[in-house]
Amino acid sequence: MTKNSTVVSTIGVAEIAYQMKNMIEFSPHLLYAIFLLVAICFVVLTLPVGAFFTYLSRRVAVQR
């Protein structure tokens, strides 16, 4: 599920890349900090969603 949502969120990735470019343009000395912040935000958003859908798929699975 996470892979599909990542593919669908291409527009969001383009937007965050644009914002990251603007931030780096005005604060080039914070390059690594800005990149790390964006990476952490991506992980914080995708891991809980993936864990939730894994839990949900196990709970709703049909017993055979």
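Residues numbered from 1 in each chain as written. Predicted model: local features only at pLDDT ≥ 70, side-chain atom pairs only at ≥ 80, totals over all residues. Heavy atoms only, no water.

## Focus on the overall build of the protein chain
Okay, step 1: Check the secondary structure of the protein chain and you find three helices and zero strands.
Okay, step 2: Scanning the protein chain from its N terminus toward the C terminus, one meets helices and strands in the order α-α-α.
Okay, step 3: Per-residue burial over the protein chain gives 9% buried out of 64 residues.
Okay, step 4: Carbon and sulfur atoms make up 73% of the accessible area of the protein chain, which amounts to about 5,800 Å² in all. (Helix = DSSP H or I, 4+ residues; strand = E, 2+ residues; numbered from the N terminus. Buried < 20%, exposed > 50% of the residue type's maximum accessible area, 1.4 Å probe, protein only. Areas by Shrake-Rupley, 256 points an atom, 1.4 Å probe, with all protein chains shown as cover.)

## Looking at the pattern of salt bridges
Okay, step 1: Per the stated rule, a full pass over the model turns up one salt bridge.
Okay, step 2: With a closest N to O distance of 3.9 Å, Lys-21 and Glu-25 form a salt bridge. Here Glu-25 and Lys-21 lie together in helix α2 (residues 10-26), a separation of four residues that amounts to about one turn.
Okay, step 3: With relative accessibility at 52%, the residue Glu-25 sits in the exposed group. (Salt bridge = Lys/Arg side-chain N within 4 Å of Asp/Glu carboxyl O.)

## Topic: a nonpolar patch on the surface
Okay, step 1: The grouping of Val-49, Phe-52, Phe-53, Tyr-55, Leu-56 and Val-60 at the surface amounts to a nonpolar patch, some 550 Å² of accessible area in total.
Okay, step 2: Secondary-structure assignment places Phe-53 in helix α3 (residues 31-60). (Patch = residues over 30% accessible without salt bridge, like charges linked within 9 Å, V, L, I, M, F, W, Y side chains within 5 Å.)

## Concerning α3
Okay, step 1: For α3, built from 30 residues, the straight-helix expectation of 44 Å at 1.5 Å per residue is met to within 8% by its first-to-last C-alpha distance of 44 Å.
Okay, step 2: Listing the buried residues of α3 in full gives Ile-34, Thr-46 and Gly-50. (Expected span 1.5 Å × (residues − 1).)

## Examining the confidence of the model for the protein chain
Okay, step 1: In the predicted model, the protein chain carries a mean pLDDT of 80, and 81% of its residues have values of at least 70.
Okay, step 2: By mean pLDDT, the top-scoring element of the protein chain is α3 (86), and the lowest-scoring one is helix α1 (residues 2-8) (59). (pLDDT = per-residue confidence, 0-100.)

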